[in-house]
Amino acid sequence: MSGSAQFDPSVYEWQPRSLFFPRIGKLLNRDGLSTRLLMPGDYMVRRSRTYDRWIYRYRHD
């Protein structure tokens, strides 16, 4: 590899995101992390260091 990858620590912080189409993803709740069908709506999302995937949680405003 000719160049080093840019490290962006902001992907590991919770950020608001809206889903418009259902998708399968990792959902975090008080019982832990599980794979679920995520319905359209507002979520908080961040990148997982362990699973290298996006982790979603319900957004409570």
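Each value, and the rule that gives it
Position numbers for residues start from 1 in each chain and track the written sequence from start to end. Totals for whole chains, interfaces and linings use all residues, but because this is a predicted model, local features are given only for residues with pLDDT of at least 70 and pairs of side-chain atoms are given and counted only at 80 or more. Neither water nor hydrogens contribute to the side-chain values; these are computed over all heavy atoms in the structure. The helix and strand labels rest on DSSP assignments: H or I over at least four residues marks a helix, E over at least two residues marks a strand, and numbering proceeds from the N terminus. Each residue's exposure class comes from its accessible area (1.4 Å probe, protein chains only) as a fraction of the maximum for that residue type: buried when under 20%, exposed when over 50%, partly exposed otherwise. Two strands make a pair as long as DSSP finds a minimum of two bridges between them. In plain words, nonpolar cores are sets of buried Ala, Val, Leu, Ile, Met, Phe, Trp, Tyr and Cys residues tied together by side-chain atoms within 4.5 Å. Contacts: residue pairs with any heavy atoms within 4.5 Å of one another. To obtain each axis, a line is fitted to C-alpha atoms, and for helices this fit is confined to the stretch in contact; angles are then taken between N-to-C directions over 0 to 180 degrees. Salt bridges, as used here, are contacts in which a Lys or Arg side-chain nitrogen is within 4 Å of a carboxyl oxygen on Asp or Glu.

Asks: What is the right way to look at the overall build of the protein chain in this model?
Replies: Across its full length, the protein chain carries zero helices and five strands. Counted from the first residue to the last, the protein chain has its helices and strands arranged as β-β-β-β-β. By residue count, 20% of the 61 residues in the protein chain fall in the buried class.

Asks: Help me out: how do you make sense of the pairing of strand S5 (residues 54–58) in this one?
Replies: Regular strands place their side chains on alternate faces of the sheet. The pairing of strand S2 (residues 23–29) with S5 spans two bridges and is parallel. Bridging from a neighbouring strand, Leu27 pairs with Tyr56 of S5. Bridge analysis of strand S4 (residues 41–47) against S5 gives five bridges, and the strand direction is antiparallel. Of the residues in S5, the one forming a bridge with Tyr43 is Tyr58. Counted between consecutive antiparallel strands, the loop separating S4 from S5 contains six residues, among which Asp52 sits at a positive phi close to 55 degrees.

Asks: What should I look at first to understand the nonpolar core in this one?
Replies: In summary, soluble globular proteins display a tendency toward joint burial of nonpolar side chains. Grouped together as the largest cluster of nonpolar side chains are six residues: Leu19, Leu27, Leu38, Tyr43, Val45 and Tyr56. Residues within four places of Tyr56 in sequence aside, it is in contact with Trp14, Arg17, Leu19, Arg23, Lys26, Leu27, Leu28, Leu38, Tyr43, Met44 and Val45.

Asks: What exactly am I supposed to notice about the sheet that holds S5 here?
Replies: Within a beta sheet, neighbouring strands are joined by backbone hydrogen bonds and run either parallel or antiparallel to one another. Overall, mixed pairing links the five strands, which are arranged S1-S4-S5-S2-S3 in an open sheet. The open sheet has two edge strands with one neighbour each: strand S1 (15–19) and strand S3 (32–38). Across the sheet, the mean angle from the axis of one strand to that of its neighbour is 45 degrees, orientation sign disregarded. Here seven bridges tie S2 to S3, and the two strands are oriented antiparallel to one another. The residue bridging Arg23 from the neighbouring strand is Leu38, located in S3.

Asks: Just checking my understanding: could you explain unusual backbone geometry for this structure?
Replies: Of note, Asp52 is a non-glycine position whose phi angle comes to about 55 degrees, a positive value. Inspection of the secondary structure puts Asp52 in the loop between S4 and S5.

Asks: Please clarify how the pattern of salt bridges should be interpreted in this entry.
Replies: When the charged atoms of two side chains with opposite charge come close together, those side chains can pair. Under the counting rule described, the total for this entry stands at one salt bridge. Between Arg47 and Asp52 there is a salt bridge, and its shortest N-O distance comes to 3.4 Å.

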